[in-house]
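Summary of the model geometry
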Amino acid sequence: MHNRVQESQQQKSVRDLKIGESGEISSLNDPEMALKLLEMGCIPGAEVKLNSKAPFGDPVTIIVNDYTLSLRLDEAETILLK
């Protein structure tokens, strides 16, 4: 379990992206949030692009499967990238 926690801390998440950057979703690390994100199209293998950030950084908007989604930073952090 400890190695998995270390691995997720080192792995890049949507929260780490800069505006205009994109990445491929590798996994979702919060079981409670995962169902909500999966329903919104955030599935492993999908490409996600950071579209914008609010003036104070929260929320952010991302583009997934031609949809624009608004997420809080803690939600964005649960989407891990390859």
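Refer to the structure above for everything that follows.
For the structure given in this document, a descriptive report is provided here. Note that the coordinates shown come from a computational prediction; the quantities given were computed from them, not determined experimentally.

1. As for the overall build of the chain
When you go through the chain residue by residue, the secondary structure sums to three helices and five strands. When the helices and strands of the chain are read in sequence order from the N terminus, they spell out α-β-α-β-β-β-α-β. Each of the 82 residues in the chain was classed as buried or not, and the buried ones make up 34%. Sequence-distant contacts, at least 24 apart, represent 53% of the contacts inside the chain between residues at least 6 apart.

2. So, the sheet that holds strand S4 (residues 67-71)
The five strands lie next to each other as S4-S3-S2-S1-S5, forming an open sheet whose pairing is antiparallel. Sheet topology places S4 and strand S5 (79-81) at the edges, where each strand pairs with a single neighbour. Neighbour to neighbour, the strand axes of the sheet diverge by 45 degrees on average, direction disregarded. Sheet topology places strand S3 (residues 60-64) next to S4; five bridges connect them, and they run antiparallel. Considered in S4, the bridge of Ile63 is made with Thr68.

3. Overview of unusual backbone geometry
Put simply, Asp58 and Pro59 share a cis peptide bond, and its omega is 10 degrees. Here Pro59 lies in the loop between strand S2 (47-53) and S3. Phi at Asn65 takes a positive value of approximately 50 degrees, unusual for a residue other than glycine. Relative to the assigned elements, Asn65 resides in the loop between S3 and S4. The phi dihedral of Asp66 falls on the positive side, at around 65 degrees, and the residue is not glycine. Turning to its location among the elements, Asp66 is positioned in the loop between S3 and S4.

4. Focus on the pairing of S3
In terms of burial, S3 is a largely internal element, four of the five residues being buried. Of the pairings in the sheet, the one linking S2 to S3 comprises five bridges and is antiparallel in character. Bridged to Ser52 within S3 is Thr61. Here S2 hands over to S3 after six residues, with Gly57 in that stretch at a positive phi of 95 degrees. Connecting the antiparallel pair S3 and S4 is a turn made up of two residues, with Asn65 showing a positive phi of about 50 degrees.

About the cut-offs
Residues numbered from 1 in each chain as written. Predicted model: local features only at pLDDT ≥ 70, side-chain atom pairs only at ≥ 80, totals over all residues. Heavy atoms only, no water. Helix = DSSP H or I, 4+ residues; strand = E, 2+ residues; numbered from the N terminus. Buried < 20%, exposed > 50% of the residue type's maximum accessible area, 1.4 Å probe, protein only. Contact = heavy atoms within 4.5 Å. Pairing = 2+ DSSP bridges. Axes fitted to C-alpha atoms, helices over the stretch in contact; angles between N-to-C directions.

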